[in-house]
Amino acid sequence: EYIEAVAAPIPLTVYSMVRYSLYDWVERLNDDDDAPLVHSVSYGNDEAQQTSIEYMTSTNVQFQKAGARGLSILFASGDQGVWGREGQAGDTFHPDFPAASPYVTAVGGTDFATQSVVGDETTWADGGGGFSDQFGIPDYQADAVAAYFTAAADTLPASSYYNSTGRGYPDIAALGGQVNLYCVAYDGIYGGVAGTSAASPVAAGVFAPRNALVLAKGDPPLGFLNPLIYQNAQAFFDVTSGINDEGTGIGFTAVAGWDPATGMGTPNYAALKEVVDAL
């Protein structure tokens, strides 16, 4: 409901598959000559819960193909903070796949800093984020990750909890927490929902009209978004407070600039338009 609420009048397409397979899904996209240009996906599991590293690598190849052909793919970063679906087991965090894939755009979660006041945001404690145990830091975020480790030196968890040489995620964030819920209608009843499964489609809905701008100029679609995101920090509202610890006291604290709690921040609709107009 919210991807269309934000992106309208761009048409909405829903892909549904009986068998859960990220690989099969993205392969199907790559085989679809008329695939929509912007996708939001709310599924994922911990890297350690995947079938194998080979499966993740093969899926990443399909993500690369999708980006190269002009598709933008955004994934929810997860709703269990740094601990992932495995929970607080052992002395290590549990990064998510495919949110921690270097070839997708991961969307974390925020809350309004003051309930019911649309304005400053803070980290949603349950928003997924961290560093991949399987994939290294991609070039497009190398400077941002290095700056984070310098800025957050006094707040970092013990180094044993995470892989400091891994791909950092999320890349961006949007409202996802439970301070102010999203209102939805289902079967004639109104209710509230939350989570990065709401944040991701909202962020995708912001990028879809920006994509329409470049197409109107006769330029190719935006495709893989992360290089554009990391080169244009001014196009996002930086979130500099909160920690994604799922209430355990151990997680990543938001700082100025990119961080593994809210990424580069939440999309600034007007500033993104200026960035895309300048392409």
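It should be emphasised that the depicted structure is a prediction, and the values quoted were computed from it without experimental measurement.

Asks: Is there a simple way to explain the overall build of the protein in this structure?
Replies: Counting its regular elements, the protein contains seven helices and 13 strands. Relative to a compact globule of 279 residues, whose C-alpha radius of gyration would be 19 Å, the protein shows 17 Å and is just as compact. A principal-axis box enclosing the C-alpha atoms of the protein has dimensions of 50 × 45 × 45 Å. Here the protein holds 279 residues, and 51% of them are scored as buried. Contacts spanning at least 24 positions in sequence make up 78% of the contacts within the protein whose residues lie at least 6 apart. Here the protein displays about 12,300 Å² of accessible surface, and carbon together with sulfur accounts for 52% of that area. For the protein, the separation between the mean place of its 9 positive charges and that of its 32 negative charges on side chains is 11 Å.

Asks: When you look at the pattern of salt bridges in this model, what are you seeing that I'm missing?
Replies: Pairing between side chains of opposite charge can happen when their charged atoms approach one another. A full pass over the atoms with the stated rule returns four salt bridges. One salt bridge in this structure joins Arg 167 and Asp 171, with 2.8 Å as the shortest N-O distance. Considered together, Arg 167 and Asp 171 belong to a single accessibility category, that of buried residues. With a closest N to O distance of 2.9 Å, Lys 273 and Asp 277 form a salt bridge. Taken together, the residues Lys 273 and Asp 277, both in helix 7 (residues 269-277) and four residues apart, mark about one turn of the helix. Given the relative accessible area of 36%, Lys 273 is considered partly exposed. On the basis of relative accessibility, which here comes to 39%, the residue Asp 277 falls in the partly exposed class.

Asks: I tried to follow the packing of aromatic side chains on my own but got confused; where do I start?
Replies: A ring pair, where both rings are aromatic, is described by two values, the distance of the centres and the angle of the planes. With the rule as written, the count across this model stands at 20 aromatic pairs. Seen from their ring centres, Tyr 148 and Phe 149 are 5.5 Å apart, and the 55° between their planes marks the pair as tilted. Ring geometry for Tyr 148 against Trp 258: centres 5.7 Å apart, planes inclined by 85°, an arrangement best described as edge-to-face. One end of the pair, Tyr 148, is in helix 4 (residues 142-151); the other, Trp 258, is in the loop between strand 12 (236-237) and strand 13 (266-267), with 110 residues separating them in the sequence. Of the two residues examined, Tyr 148 and Trp 258, each falls in the buried class. Within the aromatic cluster, the residues linked to one another by ring pairs are Trp 83, Phe 93, Phe 131, Tyr 148, Phe 149, Tyr 161, Tyr 162, Phe 252 and Trp 258. The ring of Tyr 269 has Arg 210 lying over it, and the distance from NZ or CZ to the ring centre is 4.3 Å.

Asks: Hey, could you run me through the packing of helix 5 (residues 196-216) against helix 7 in this one?
Replies: Helix-helix packing is described using two parameters, namely the angle between the two axes and the distance between the axes. One can describe the packing of helix 5 onto helix 7 by two numbers: an axis separation of 10 Å at closest approach and a directional angle of 25°. Taken together, the axes of helix 5 and helix 7 lie roughly parallel to each other. Taken as a pair, helix 5 and helix 7 cross one another with a handedness that is right-handed. Residues Val 206, Phe 207, Pro 209, Arg 210, Leu 213 and Val 214 of helix 5 pack against Tyr 269, Leu 272, Lys 273, Val 276 and Asp 277 of helix 7. Counted by class, the contact of helix 5 with helix 7 contains eight nonpolar, no polar and three charged residues.

Asks: Got a minute to help me understand helix 2 (residues 22-31) in this structure?
Replies: Owing to its 3.6 residues per turn, the α-helix brings residues three or four apart onto one side. All buried positions along helix 2 are accounted for by Leu 22, Trp 25, Val 26, Leu 29 and Asn 30. Seen from one end, helix 2 has its buried residues packed into an arc of 135°, which puts them on one side. For helix 2, the secondary structure elements touched by its buried residues are strand 1 (38-41), helix 3 (53-68), strand 3 (72-76) and strand 4 (96-97).

Asks: Got a minute to help me understand the side chain of Asn 268 in this structure?
Replies: Here Asn 268 shows up in the loop between strand 13 and helix 7. Its relative accessible area of 17% is what places Asn 268 among the buried residues.

Asks: Which parts of the structure should I look at to understand unusual backbone geometry?
Replies: As a rule of thumb, non-glycine residues mostly have phi less than zero, and peptide bonds are mostly trans rather than cis. In this structure, Pro 9 follows Ala 8 across a cis peptide bond, with omega equal to 15°. Checked against the element boundaries, Pro 9 lands in the loop between helix 1 (2-7) and helix 2. Of note in this structure, Asp 187 is not a glycine but carries a positive phi near 55°. Along the chain, Asp 187 turns up in the loop between strand 10 (182-186) and strand 11 (189-193). Even without being glycine, Glu 246 reaches a positive phi, approximately 55°. Along the chain, the position of Glu 246 falls in the loop between strand 12 and strand 13. Judged by its relative accessible area of 32%, Glu 246 falls in the partly exposed class.

Procedures and definitions
Each chain carries its own residue numbering, running from 1 in the written order of its sequence. Where local features are concerned, this predicted model is filtered to residues with pLDDT of at least 70; where side-chain atom pairs are given and counted, the filter is 80 or more; whole-chain, interface and lining totals use all residues. Derived side-chain values reflect all non-hydrogen atoms in the structure, with water molecules and hydrogen atoms excluded from consideration. Numbering of helices and strands runs from the N terminus; a helix is a DSSP stretch of H or I covering at least four residues, while a strand is a stretch of E covering at least two. Each radius of gyration is computed over the set of C-alpha atoms, and the globule rule expresses the reference value as 2.2 Å times the number of residues to the power 0.38. Exposure is judged per residue with a 1.4 Å probe applied to protein chains only, and the accessible area is read against the type maximum: over 50% gives exposed, under 20% gives buried, and values in between give partly exposed. The contact criterion used is simple: two residues touch if any of their non-hydrogen atoms lie within 4.5 Å. In short, Shrake-Rupley with a 1.4 Å probe defines the accessible areas, and a residue's cover is counted only from the protein chains shown. Within this scheme the basic residues Lys and Arg register as positive and the acidic residues Asp and Glu register as negative, but His and the chain ends are omitted. Taken as the charge location is NZ of Lys, CZ of Arg, CG of Asp or CD of Glu. A pair is scored as a salt bridge if a Lys or Arg side-chain nitrogen falls within 4 Å of a carboxyl oxygen belonging to Asp or Glu. Any pair of Phe, Tyr and Trp rings, taking the six-membered ring for Trp, is counted once the centres come within 6.5 Å. Such a pair is stacked with planes under 30 degrees apart, edge-to-face with planes over 60 apart, and tilted for the rest. Lysine and arginine charges are scored as sitting over a ring when NZ or CZ, respectively, is within 6 Å of the ring centre and within 35 degrees of the ring normal. Orientation is described by lines fitted to C-alpha atoms, with helices fitted over the stretch in contact, and by angles between N-to-C directions that extend from 0 to 180 degrees. Throughout this description, any angle smaller than 35 degrees is read as roughly parallel, any larger than 145 degrees as roughly antiparallel, any in the 65 to 115 degree range as roughly perpendicular, and the remainder as oblique. Throughout, a crossing is termed right-handed when the near helix is turned clockwise from the far one, and left-handed when it is turned anticlockwise from it by less than a right angle. For this classification, Asp, Glu, Lys and Arg are treated as charged, while Ala, Val, Leu, Ile, Met, Phe, Trp, Tyr, Cys and Pro are nonpolar and the rest, including Gly, are polar. This arc is built from the directions going out from the helix axis to the C-beta atoms.

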